[in-house]
Amino acid sequence: MTSFVAPPGDRQSGGRDIAPPIAAAHAPRRKPVGRATSRSVVVGAVAVLLAGPGASADAAPGDPVVSGATVNSGHDVIVGITHNVVFPVTVTGSDDSGLSFADVDLKGPHGGFYTTDAFCESATACTTVFTANAHPAPGSDDPVDLANANAGTWSVDALADANDGDSVFAPGAGSFSLKRAARLTVNASPEPVTKGSRITVTGKLVRANWDTYRYAGYAGQAVKLQFRPKASSTYTTVATVNTSNTGTLRTTVKAVRDGYWRWNFTGTTTTGPAKAAGDYVDVRP
């Protein structure tokens, strides 16, 4: 079974407890064997994937080696406020007898920590599945969820067991970004419009607030205004606009030809990217 642990001094955020941020698929649990006897907290660098050091430098010949850990196939984990997000973590390595079992710890900002384990699907790879959520658990007054403070870079520690009973602990075997989901809207008007006239393009950028279970305006963010001609499949950036203190966007552009207008936000270290669906404007002679 899985368990959540957070240092007592790190469990407060915004006046409330940070509940276990990650829930994992059920897997059989056992105590580590061999030479792996301790673990330490290692904060990974900002990256989607980072290969760790594997076994210690003084590991004896024949000891198992952890070569790295891949989270969500190398992609960011982006979580909103309504649905669980399931993602795999694969630990890779080697041993002359083959890998058999792995414990995996995920460690994030402000005491975020969760662990689970899995039997290895091959002699060189062990995959387990985690489920992240940021919405109240049905019927629960104390939901298991994420807090805004948990967004950012998470590190992966792995303890791998071999079939011959040896073990190795690899702190910082990988890292990944856990981000708040974002949404964008767009409206271009008037439409239709006479060629050469100016149109106003508005919109709003919001992101998931894991503390309130709502989407809220994202202030002070640079968002690209892009245009795609009617007969094209490619968008081109024509302007960059910063969001207001409520997340709203507004600018004016000249109408030259028929096509689609959209806003495009590339994301930040704590928030995922978002693109609005194109709004078509009919430009008449």
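Predicted model, so just to flag it, every value in this text is computed and none were measured.

Draft legend 1. Here's a closer look at the pairing of strand 11 (residues 167–180). Counted residue by residue, strand 11 has 13 buried out of 14 residues, so it is predominantly covered. Pairing analysis gives 3 bridges linking strand 5 (residues 77–79) to strand 11, with the strands arranged parallel. Looking across to strand 11, one finds that V77 is bridged to L178. Bridge count between strand 10 (residues 152–162) and strand 11: 9 bridges; the pairing is antiparallel. Bridge pairing in strand 11 places V156 opposite G174. Hairpin connection between strand 10 and strand 11: a loop of 4 residues separates the two successive antiparallel strands, and G165 in this loop has a positive phi of roughly 95°.

Draft legend 2. Examining the packing of aromatic side chains more closely. Counting across every chain of the model gives 7 aromatic pairs. Look at F87 and F176: their rings are 5.9 Å apart centre to centre, the planes differ by 45°, and that puts the pair in the tilted class. Here F87, found in strand 6 (residues 85–94), pairs with F176, found in strand 11; they are 89 residues apart in sequence, far enough to count as distant. Pair check on accessibility: F87 and F176 agree, each one buried. Look at Y260 and Y280: their rings are 5.0 Å apart centre to centre, the planes differ by 55°, and that puts the pair in the tilted class. Of this pair, Y260 sits in strand 19 (residues 259–265) while Y280 sits in strand 21 (residues 279–281), and the two are 20 residues apart along the sequence. Among the aromatic residues, ring-to-ring pairing joins F87, F130, W154 and F176 into one connected group. The cationic tip of R183 hangs over the ring face of Y215; the distance from NZ or CZ to the ring centre is 4.0 Å. Here the guanidinium or amino end of R262 rests over the ring plane of Y235, the centre of that ring lying 3.8 Å away.

Draft legend 3. Seen up close, the sheet that holds strand 11. Overall, mixed pairing links the 5 strands, which are arranged 5-11-10-7-8 in an open sheet. Each having just a single partner strand, strand 5 and strand 8 (113–119) make up the two edges of the open sheet. Across this sheet, the average inter-strand angle for adjacent strands is 25°, counted without regard to direction. Bridge count between strand 7 (residues 99–107) and strand 8: 7 bridges; the pairing is antiparallel. Counterpart to F101 in the pairing with strand 8 is F119.

Rules used in this analysis
- Residue positions are given per chain, counting from 1 as you read along its sequence in written order.
- Side-chain atom pairs in this predicted model are given and counted only at pLDDT of 80 or more, local residue features only at pLDDT of at least 70, and totals for whole chains, interfaces and linings cover all residues.
- The basis for every side-chain value is the complete set of heavy atoms in the structure, and neither hydrogens nor water enter the calculation.
- Any residue under 20% of the maximum accessible area for its type is buried, any over 50% is exposed, and the rest in between are partly exposed; the area is computed with a 1.4 Å probe on protein chains only.
- For helices the rule is a DSSP run of H or I covering at least 4 residues; for strands it is a run of E covering at least 2, with both sets numbered from the N terminus onward.
- Between any two strands, pairing holds if DSSP finds at least two bridges.
- Any pair of Phe, Tyr and Trp rings, taking the six-membered ring for Trp, is counted once the centres come within 6.5 Å. Such a pair is stacked with planes under 30 degrees apart, edge-to-face with planes over 60 apart, and tilted for the rest.
- For a Lys NZ or an Arg CZ to count as sitting over a ring, it must be within 6 Å of the ring centre and within 35 degrees of the ring normal.
- Axis definition: a line fitted to C-alpha atoms, limited for helices to the stretch in contact. Angles are taken between N-to-C directions and run from 0 to 180 degrees.

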